[in-house]
Amino acid sequence: MEWIPKRRVKQVNSKFKQVVVNSDQEHSNMSLLVCEVDESVVPLACHAPIVSSYNERIRPLLDAIDKLRNLKVMQEGIQLPTIVVVGDQSSGKSSVLESLAGISLPRGQGICTRVPLIMRLHHHSKPESELHLEYSSKVVSTDEMNVADAIIKATEEIAGNGKGISHTPLTLVVKKNGVPDLTMVDLPGITRVPVHGQPENIYEQISGIIMEYIKPEESIILNVLSATVDFPTCESIRMSQSVDKTGDRTLAVVTKSDKSPEGLREKVMADDVNIGLGYVCVRNRIGDESYEEARLAESMLFASHPLLSKIDKSMVSVPVLARKLVQIQATIISKCLPEIVRKINAKLNGNVLELNNLPQKLSTVAEAINAFMRILGLSKESLKKLLVRGEFDEYPDNKNMHSTARLAEMVDKFSHELKNSSPIIANEKFLLDEIFVLKETKSVALPNFLPRSAFLHLLQLKVQAISEIPVSFVTKVWDYIETVVVEILMHHCENYPPLQSSTKRAALNLISKMKEQSTYRVLEIIEMEKLADYTCDPEYMALWTKLMKSHDNFKEAIDGDVWRIAYIESFGKIDVRHLDDYPGVRDVAFDLKMRLTAYWNIVLKRMVDSIALYLLMALKKLVNQGMEEEVVNEVLGPQGGGIERLMDESPSFTIKRARLNQSIGLLKESRDVLAKIIDRIAIADD
């Protein structure tokens, strides 16, 4: 049975007005009905704007947010409160926006919205509407009759003539009597199956745009759902739930209520999809209805339909939707405004600091010389701190730059390696090397004299055996110093890229020279130890005397019949039976070994001390004079390009300086916009 709205009886001076509407557009054979509708429930475009009590406060706030959006403050990472309209394809999204704005939007098969459409609705008291589009730094005026075509043309300029989509937004400004003060972003309708001419990944592209807009916590999601489908199956619901699990910032508008009234009240009351801001059911404009006629028909539908009339009046009609959107918008702007101000100030201060930390743009030779001398002075002071004084306040967390500590560790490791470099002699070989050398160096002379040539020969063998260790140590030290020096120089030259290559080249050249000199010095020390056996250190005699106290144990073991083990100081328990064949030379060999052992300790200590002291002296020369001279010669020399190179600013710094200046200008303007609005609000409150 078809539903026909009830008629009201017209009264004199009543507030009801006669209108002619179709009783049901689905049945063309139905006659037109003349019905009377309460005009007080028809605020859109007929009377004062919706929620006019909000206008004085909302409009300035909304203008400020729109101004910030036009300034592209969101590119600075500052999110703005935004009502984002999403919905599956053919959900009636365009109809909802048309009803709110009172204008016609592009219609057709496939995706009608191919770019983010920022709709700025602005109520004004003039009878004539004013519309214009903003895109690609252009402002294009239009009117209600041609706005759809203008949007299509602008979209083609932005996204091309095909059916592809673009992230670049298009702004539509509608100033019209009776529209709510709202700013919304309409996004492409969600489709999974590409039609002819659309890219294969159209779903992924649309999803990417939608997620970009609905993910920020500042976004309010207006999810458009068709009453003809099950809400949980809607792709737009799945997307909004993925970023708003509690539903606290999602409002659902249910379209086509007149097409599927059965069970609609139960669906919105059950809220199976967790819509925190509630539902609003609306009737789409049908055919050639004017917007006033559509609203009257909607009011009549929800007032008289046997099923739809049971839905709470706070959940039906476009005027209710507009009122809710305005209230939600006012709430979210008021909530976000202090945080926006804080973020703008923080970003502005950070950019100003970053700009001030950029190197001064040098325009004269005098400025370049001053900058160069400052770099040299700072580098020299840093080198003194790290390599000489052991101060690491410039690199508190980088232990590799704590140079005196690392050098001390390297010296300790070098000393330990030297001490443990002598091979462990097996029991059966004890004194055999000494005996062999004594036999080969004997001469026609008194038998009880220790040949010095034997001592020197054994000493030379021991020094030669460890000769690679000092050379390797010095190489490692200078390799480490090279990393420290280059790090410091590059740090102080980082703002002047033209200086970096020549400065680094100077450092590498100087380190290479000093490494070569140090290696030569170490080889001299090694040759010196081979050349002669001398020390004035009393520790030699003291240790030799201590070692010789084991000689009695040695003789007892040699002469013993059963127990042939002798405890020798610094060598432990030695089985001496293998020495029975050398009766004439055993005692002299023992004395020779003890002398060599005592003297070897002196040699190792002297080697470590002399190399360490030499390196300390070389480091001081490098810091106090060598590095500065090398850098100056390199920079001012033919390969360095001269001091004028400092005046050539790096392209990266030029681009960065321009970007920061642009950002600072934008943020200052944004800050001023908000300051004026806050001042206006404060004056109004007073």
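In this report, the structure presented in the accompanying data block is examined. These numbers were taken from a predicted model, which means no experiment stands behind them. (Residues numbered from 1 in each chain as written. Predicted model: local features only at pLDDT ≥ 70, side-chain atom pairs only at ≥ 80, totals over all residues. Heavy atoms only, no water.)

1. Remarks on a nonpolar patch on the surface
Test applied: Patch definition: residues with relative accessible area over 30% and no salt bridge; like charges joined within 9 Å; nonpolar side chains (Val, Leu, Ile, Met, Phe, Trp, Tyr) joined within 5 Å. Method for areas: the Shrake-Rupley scheme with a 1.4 Å probe, in which residue coverage is limited to the protein chains shown. Definition used for salt bridges: Asp or Glu carboxyl oxygen within 4 Å of a side-chain nitrogen of Lys or Arg. Only DSSP runs of H or I reaching four residues or more are called helices, and only runs of E reaching two or more are called strands; each is numbered from the N terminus. Only protein chains enter the accessibility calculation, which uses a 1.4 Å probe; a residue is then buried when its area is under 20% of its type maximum, exposed when over 50%, and partly exposed in between.
There is a patch of nonpolar side chains on the surface, built from Val365, Ile369 and Met373 and spanning about 240 Å² of accessible area. With respect to the element layout, Val365 can be found in helix 9 (residues 365–389). Judged by relative accessible area, which is 36%, Val365 ranks as partly exposed.

2. Some details on a negative patch on the surface
Rules: Under this rule, positive means Lys or Arg and negative means Asp or Glu; His and the chain ends count for nothing. For the purpose of locating charges, the reference atoms are NZ of Lys, CZ of Arg, CG of Asp and CD of Glu.
A cluster of acidic side chains, namely Asp552, Glu556, Asp559 and Asp587, defines a negative patch on the protein surface. By residue number, the principal contributor to the negative patch is helix 16 (residues 551–559), which donates 3 residues. If you trace the backbone, Glu556 turns up in helix 16.

3. Concerning the environment of Ser125
Positionally, Ser125 belongs in the loop between strand 4 (117–122) and strand 5 (130–135). The class of Ser125 is exposed, set by a relative accessible area of 65%. Between the alpha carbons of Ser125 and Lys176 there is a distance of 7.6 Å; along the sequence they are 51 residues apart.

4. Examining helix 12 (residues 452–465)
Spelled out, the test is: The span one expects for a helix is its residue count, reduced by one, times 1.5 Å. Two residues form a contact once any of their heavy atoms are found within 4.5 Å.
Here helix 12 contains 14 residues, and its C-alpha end-to-end distance of 20 Å stays within 8% of the 20 Å for a straight helix at 1.5 Å per residue. When we look at burial in helix 12, the residues that qualify are Ala454, Phe455, Leu456, Leu458, Leu459 and Val463. Residues of helix 12 that are buried sit in contact with helix 11 (432–441), helix 14 (497–531) and helix 17 (586–636).

5. Digging into the packing of aromatic side chains
As a reminder of what qualifies: Note on aromatic contacts: the rings of Phe and Tyr and the six-membered ring of Trp form a pair at centre separations within 6.5 Å, being stacked when their planes are under 30 degrees apart, edge-to-face when over 60 apart, and tilted otherwise. Definition used: whenever NZ (Lys) or CZ (Arg) falls within 6 Å of the ring centre and also within 35 degrees of the ring normal, the charge is taken to sit over that ring.
For the structure on display, the rule yields 6 aromatic pairs. Centre to centre, the rings of Phe430 and Phe571 are 5.5 Å apart; their planes meet at 65°, and the pair counts as edge-to-face. One end of the pair, Phe430, is in the loop between helix 10 (403–419) and helix 11; the other, Phe571, is in the loop between strand 12 (565–568) and strand 13 (572–575), and 141 residues separate them in sequence. The class for Phe430 is buried, based on a relative accessible area of 2%. Residue classification places Phe571 among the partly exposed residues on the basis of a relative accessible area of 29%. Cation over ring: Lys267 sits above Phe231, and NZ or CZ is 4.3 Å from the ring centre. Here Lys462 stacks its cationic end above the ring of Trp600, 4.8 Å away from the centre of that ring.

6. Remarks on the sheet that holds strand 7 (residues 170–175)
Under the convention used in this document: Two strands pair under a simple rule: DSSP has to find at least two bridges between them. What counts as an axis is a line fitted to C-alpha atoms, over the stretch in contact for a helix, and the angles between N-to-C directions run from 0 to 180 degrees.
A sheet is described by the order of its strands in space; here 9 strands give the open sequence 6-5-7-4-8-3-9-10-11, paired in mixed fashion. Two strands lie at the open edges of the sheet, namely strand 6 (138–142) and strand 11 (279–281), each paired on one side alone. This sheet shows a mean twist of 25° between the axes of neighbouring strands, independent of strand direction. Looking at chain direction, strand 9 (residues 219–226) and strand 10 (residues 250–255) are connected through 6 bridges and run parallel. In the strand pairing of strand 10, Leu225 is matched with Val254.

7. Focus on the layout of surface pockets
We apply this condition: Both cavities and pockets are sets of points on a 1 Å grid over the protein atoms alone; in a cavity a 1.4 Å probe fits but cannot get out, in a pocket the set is open with protein on both sides within 12 Å along at least five of seven lines, and lining residues sit with an atom within 4 Å of a point. Grid points are joined across faces, edges and corners, and a volume is the space filled by probe spheres set on the points. In the scheme used here, Gly and all other residues not listed as nonpolar or charged are polar, with Ala, Val, Leu, Ile, Met, Phe, Trp, Tyr, Cys and Pro taken as nonpolar and Asp, Glu, Lys and Arg as charged.
As a volume, the largest pocket reaches approximately 910 Å³. Per element, the largest residue contribution to the lining of the largest pocket is 6 residues, and it comes from helix 17. Its residues placed into classes, the lining of the largest pocket shows 17 nonpolar, 6 polar and 6 charged. Of the residues assigned to the lining of the second largest pocket, the class counts are 10 nonpolar, 10 polar and 5 charged.

8. Topic: the nonpolar core
Put simply, the rule reads: We call a set of buried residues a nonpolar core when its members are Ala, Val, Leu, Ile, Met, Phe, Trp, Tyr or Cys and they connect through side-chain atoms within 4.5 Å of each other.
Core analysis: the biggest nonpolar cluster contains 86 residues, and Trp478, Ile481, Val485 and Leu622 have the highest contact counts within it. Looking at this core, the element that brings in the most residues is helix 17, giving 22 residues. Apart from the residues lying within four places of it in its own chain, the contact partners of Ile481 are Leu387, Leu407, Ile511 and Leu619. Of all hydrophobic cores here, the second largest spans 66 residues; its members include Met119, Val320, Leu358 and Ile664.

9. A few points about the pairing of strand 8 (residues 182–186)
Within strand 8, 5 of the 5 residues are buried, which leaves it mostly tucked inside the rest of the structure. With burial as the criterion, each face of strand 8 is covered, one bearing Leu182, Met184 and Asp186 and the other bearing Thr183 and Val185. Sheet analysis places strand 3 (residues 82–87) next to strand 8, joined by 3 bridges and oriented parallel. Within strand 8, the position partnered with Val85 by the bridge is Asp186.

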